[in-house]
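Now for the letters of each chain:
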Amino acid sequence: MNQTLTMPLTKEAAAGLTAGDYVTISGVIYTARDAAHKRMIETLEAGGELPIPMEGTVLYYMGPSPARNGRPIGSAGPTTASRMDRYAPKLMELGLAGMIAKGKRNQEVQDAIVKNGAVYFAAVGGAGALLSQRIKKAEVVAYEDLGAEAIRKLLVEDFPVIVVIDSKGNNLYETAVKEYQSQ
Amino acid sequence: MRVVHTKEIIRNIRDMCIEANYTLSEDMVEALKAGVLVEASPLGKQILKQLKENLVIAERDEIPICQDTGLAVVFAEVGQDVMIEGGSLTEAINEGVRQGYVDGFLRKSVVEDPIERKNTKDNTPAVIHYEIVPGEEIALTVAPKGAGSENMSRIFMLKPADGIEGVKSAILETVREAGPNACPPMVVGVGIGGNFEKCAEMAKFALTRELYEESPIPYVRDLESEMLEKINQLGIGPAGLGGTVTALAVNIETYPTHIACLPVAVNLCCHVNRHVRRVL
């Protein structure tokens, strides 16, 4: 099914998504990848506060290439999600509603998605030039010293993603592959 | 004896880094186009069309095809009758990478130390493979390699008794486990024989071969086509979301090995299989 979503992502909207849905997202999302996740979790462990809101937030696991003059961002496709698996359940407990990336998630993350009513979307890996056109504004809002890995606030318009793991625990990576397997 | 100045090397490496990240070679573009026609999954077809459109946008807007503009891998075949003037060849290659990644708005993805992980901020150093060859030319291949597919690559130290069936299992297991993580449709580079490091280097080199260039060795050629067919039956498909186009090509290199060894390296590359070659 084709769906359109406006950010932030409510629990109700997340519950209405099914693995295999083609979704376009509009509104504010945030980027974070390896180093930013590590720092956020260390901050929480030290009793500190996160630099961005988590409730209803969709995180995009992405580190862009530098922007040319006059453009909001450079190439901006998803990175591999599994490197963030050890951090994601904690953030979902704090309200993180969705993640955009590519590639498999481990069992702990899949369980946390179901438990917290969250969702895992895939953007097409390697389509960074095309995806950058759907990003209208980008601003570094935390961890500037991390360069490409800094946390960015993005304003996206019709950003194309596919629901891979839904809040019922369906996993498109597993079901779709079986459908086309012939050996 | 022919003299080549490092300035010429710096300029060429710089331009090759930029070219490789904005445009793919003709054979890769053709393979993606062909994939759209044969892909059985409607979603897979749609994704392949997005990838084609992505290539058009990248070239037109001078924006990297993928934000992971890679670790710069350089194969340098240096003629033994060439004299390099103007300083160190390795330094010249790294200077070219530095200029290319800064001037081309490419992402700086290299950290100085694998544990301390401080970014070098100019994507140096490159990983350089040198070979001394006859003649008075320098052939340079720049192949920026992304991490998504690199992280899913494997080395298997098989036993000679495992034979060709063991090699087939190793290739299929690597691709199956990689699934969506390696950004399919992929190109699969395989090195068989040599030793631990030689097979890995061959697998990387295999990725820089023309997609439709077959191995001159009959059994290897058969293995390449059989593996391509079997990989495309795994069901992984474009972006790993199901389908029949999981790999665009399987390129295999071989080398003599020890009586006790059968090393196999499988180096996966995503659909952004970048490589530019120039002969100076």
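A. Representation of the nonpolar core within the structure. Residue and element names in this part refer to chain A. Ranked by size, the top nonpolar core spans 92 residues in total, and within it Ile-25, Ile-100, Phe-121 and Phe-159 carry the most contacts. The biggest single contributor to this core is strand E7 (residues 151-165), with nine residues. Setting aside anything within four residues of it in sequence, one finds Ile-25 in contact with Leu-5, Met-7, Ile-100, Phe-121, Val-156, Glu-157, Asp-158, Phe-159 and Val-161.

B. Structural detail: helix H2 (residues 26-38) of chain B. A rise of 1.5 Å per residue sets the reference length of H2 of chain B, with its 13 residues, at 18 Å; its end C-alpha atoms lie 19 Å apart and thus fit the reference within 8%. Lining the buried residues of H2 of chain B we find helix H3 (42-61), strand E7 (186-194) and strand E8 (247-257) of chain B.

C. Molecular detail of the interface of chain A and chain B. Contacts between chain A and chain B engage 40 residues on the former and 49 residues on the latter. Where chain A abuts chain B, roughly 3,400 Å² becomes buried across the two surfaces, and 56% of that area is made up of carbon and sulfur atoms. Where chain A packs against chain B, one counts zero salt bridges. The set of elements that each furnish at least two residues to the side of chain A that touches chain B consists of helix H5 (128-132), E7 and helix H6 (172-180) of chain A. The element contributing the most residues to the side of chain A that touches chain B is H6 of chain A, with five residues.

D. Highlighting the pattern of salt bridges. All names here are of chain B. One pass over the structure, following the stated rule, counts 25 salt bridges over all chains. Residue Lys-33 is joined to Glu-30 by a salt bridge in which the shortest nitrogen-to-oxygen separation is 3.8 Å. Note that Lys-33 and Glu-30 are positioned in helix H2 at a spacing of three residues, about one turn of the helix. Overall, Lys-33 belongs to the partly exposed group, its relative accessible area being 39%. Arg-154 serves as the salt-bridge partner of Glu-177, at 3.1 Å between the closest nitrogen and oxygen.

Rules of the game
Residues numbered from 1 in each chain as written. Chains lettered and ligands numbered in written order. Predicted model: local features only at pLDDT ≥ 70, side-chain atom pairs only at ≥ 80, totals over all residues. Heavy atoms only, no water. Core = buried A, V, L, I, M, F, W, Y, C linked by side-chain atoms within 4.5 Å. Buried < 20%, exposed > 50% of the residue type's maximum accessible area, 1.4 Å probe, protein only. Helix = DSSP H or I, 4+ residues; strand = E, 2+ residues; numbered from the N terminus. Contact = heavy atoms within 4.5 Å. Expected span 1.5 Å × (residues − 1). Buried area = accessible area lost by both parts, 1.4 Å probe. Salt bridge = Lys/Arg side-chain N within 4 Å of Asp/Glu carboxyl O.

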